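The lines below spell out each chain.
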Amino acid sequence: MRIGELAALAGVTTRTVRHYHHLGLLPEPARLANGYRQYGLRDAVTLARVRRLTELGLGLGEVRDVLADDAGRELREVLAELDADLARQEEEIRLRRERLGALLRQTEEDGQPTADGPYSEQLTELFGEMRRVSATLPGPEPAMAAKEREMLEMLELAAGSENGERMVSLLREAVAPPGAMERIYEVYALLDELAGAGPDDPRVAEAARALAACIPVKMLGAVRLDRDGPAVTGFADSYFADLAPAQEAAVRQAIRLVMEPGEGTTQGGV
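Every value quoted in this text rests on a predicted model; they were computed, and no experiment measured them.

Asker: With reference to specific residues and values, describe the overall build of the protein chain.
Answerer: Within the protein chain, the regular secondary structure consists of 13 helices and 0 strands. Scanning the protein chain from its N terminus toward the C terminus, one meets helices and strands in the order α-α-α-α-α-α-α-α-α-α-α-α-α. Buried positions account for 38% of the 270 residues belonging to the protein chain. By sequence separation, contacts in the protein chain at least 24 residues apart represent 62% of the contacts at least 6 residues apart. Surface accessibility of the protein chain: about 15,400 Å² in total, with carbon and sulfur atoms responsible for 51%.

Put into C-alpha cells, the structure is as follows:
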C-alpha cells in the first residue's frame, strides 16, 4: 500500500508517517521502481501501535522501546495485544457513555442540566436525593451541602473505581431510611452556623454529635478522613482546608466519636 493508504488506515496524516520515519519509530519500507514507498501489514500494525501507545500517554522515546521489544515477537502476538488494547478502549468508551446517559436522564427528569458533573450513576442518584430535600427547605440550601457534594465527588475519584463505588453505596444505604436525608440537612444547617465561630465554640460539640449519628462507620473504615489516615494522599488536607475552624473541629470530633464510640455516642450510620 502507498503512504496515503497507510496513513488513512491508521487514522493519521502522511506528515505524521514521515515524522515517525525521521524519528526511527517506523522503518523505511522498500521502494518500488518508480520511487514510491511500498508498505505492508507489519508497517500498518507498527503505525497502529505507535498511535495507540501515544494515546495512552507514552512519550515517543518510551514508544521506541516498546517497538524494539515487538521486533522479536510473532506478528500474531502483536496483533492480539493491539486488539486487547482496543477492546479496553471500547470498554472505557462504553462506561463513559453509560455515565453520560445517566446525566442525560437526570436532565430530562429535572428539566435542566446540572452545573457540575457528570458523576457516576450512584453519585448522580445520591445528589438527586439531596436536591429533592433541598427543594423542600424554606430558605436557601446550606452552603455545607454544596461542600459535601464537592467532597464526595473528589473522594469518589481519589478512592478509585471500586473503592469509590463501595463508598457511595454505603452512603446511599445510610440515607435510604425515611427522614435520613432530612436529618443530614439539619446537620448541614448546624455546620453552617459555625462558619464564623472558633473551634472552642460550645456549638461544636452539638454539631459533632449530630454529624456522628449520620456517618457510615464502614465508610470511615475504607477511606479515613483524618490527616493521619493512610487512604487518600492529599485529600484530607484539601477537605479540611476548605472548612472554617469550628467546622473542622466539629468534623474531627464526629470522626473520633464514630471510630471510638465509647466516648458518649453509638456508632453512626451503617
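On we go from here.
Asker: I'd love a proper account of helix α2 (residues 14-23), names of residues and values included.
Answerer: The complete set of buried residues in α2 reads Val-17, Tyr-20 and His-21. Across the axial projection of α2, the buried residues extend over an arc of 105°, all falling on one side. In α2, those exposed residues whose orientation departs by more than 90 degrees from the buried face are Arg-15 and His-22. Directly beyond the C-terminal end of α2, a positive phi value near 85° is found at Gly-24.

Asker: Go over the nonpolar core, please, and point to the residues and values.
Answerer: By size, the foremost hydrophobic cluster in this structure holds 38 residues, and its most contacted members are Met-181 and Leu-194. It is helix α13 (residues 245-259) that contributes the most residues to this core, 8 residues altogether. One finds Ala-10, Val-17, Leu-47 and Leu-53 within the second-largest nonpolar core, a separate group that totals 16 residues.

Asker: Could you give me a rundown of the packing of helix α1 (residues 3-10) against α2, with the residues and numbers involved?
Answerer: How two helices pack is summed up by the angle between their axes together with the distance between the axes. Interaxial distance between α1 and α2 falls to 8 Å at its minimum, and their mutual angle equals 100°. By the criterion of interaxial angle, the relationship of α1 to α2 is roughly perpendicular. Seen from α1, the contacting residues are Ile-3, Gly-4, Leu-6 and Ala-7; seen from α2, they are Thr-14, Val-17 and Arg-18. The residue inventory of the contact of α1 with α2, partitioned by class, reads 4 nonpolar, 2 polar and 1 charged.

Asker: Run through the packing of aromatic side chains, naming residues and quoting values.
Answerer: The full count for this structure, using the stated rule, is 1 aromatic pair. With a centroid separation of 5.0 Å and 80° between ring planes, the pair formed by Tyr-185 and Tyr-188 is classed as edge-to-face. Highlighted residues: Tyr-185 and Tyr-188, both in helix α9 (residues 180-192), separated by 3 residues, approximately one helical turn. By relative accessible area, which is 3% here, Tyr-185 ends up buried.

Asker: A description of helix α10 (residues 203-212) should follow, citing residues and the corresponding values.
Answerer: Those residues of α10 that fall on the buried side of the exposure criterion are Val-204, Ala-207, Ala-208, Leu-211 and Ala-212. Along the long axis of α10, the arc covered by the buried residues comes to 130°, so they all point the same way. The secondary structure elements touched by the buried residues of α10 are α9 and α13.

Asker: Help me get a handle on the packing of α1 against helix α3 (residues 41-55), residues and values and all.
Answerer: One can describe the packing of α1 onto α3 by two numbers: an axis separation of 9 Å at closest approach and a directional angle of 45°. Our classification of the angle between α1 and α3 gives oblique. Two packed elements cross with a definite hand, and for α1 against α3 that hand is right-handed. Between α1 and α3, the residues in contact are Leu-6, Leu-9 and Ala-10 and Asp-43, Ala-44, Leu-47 and Arg-51, respectively. Its residues assigned to classes, the contact of α1 with α3 comprises 5 nonpolar, no polar and 2 charged.

Criteria and thresholds
- Residues numbered from 1 in each chain as written.
- Predicted model: local features only at pLDDT ≥ 70, side-chain atom pairs only at ≥ 80, totals over all residues.
- Heavy atoms only, no water.
- Helix = DSSP H or I, 4+ residues; strand = E, 2+ residues; numbered from the N terminus.
- Buried < 20%, exposed > 50% of the residue type's maximum accessible area, 1.4 Å probe, protein only.
- Contact = heavy atoms within 4.5 Å.
- Areas by Shrake-Rupley, 256 points an atom, 1.4 Å probe, with all protein chains shown as cover.
- Arc of directions from axis to C-beta.
- Core = buried A, V, L, I, M, F, W, Y, C linked by side-chain atoms within 4.5 Å.
- Axes fitted to C-alpha atoms, helices over the stretch in contact; angles between N-to-C directions.
- Parallel < 35°, antiparallel > 145°, perpendicular 65-115°, else oblique.
- Nonpolar A, V, L, I, M, F, W, Y, C, P; charged D, E, K, R; others polar.
- Phe/Tyr/Trp six-rings, centres within 6.5 Å; stacked < 30°, edge-to-face > 60°.
- Left-handed = near helix turned anticlockwise from the far one by under 90°.

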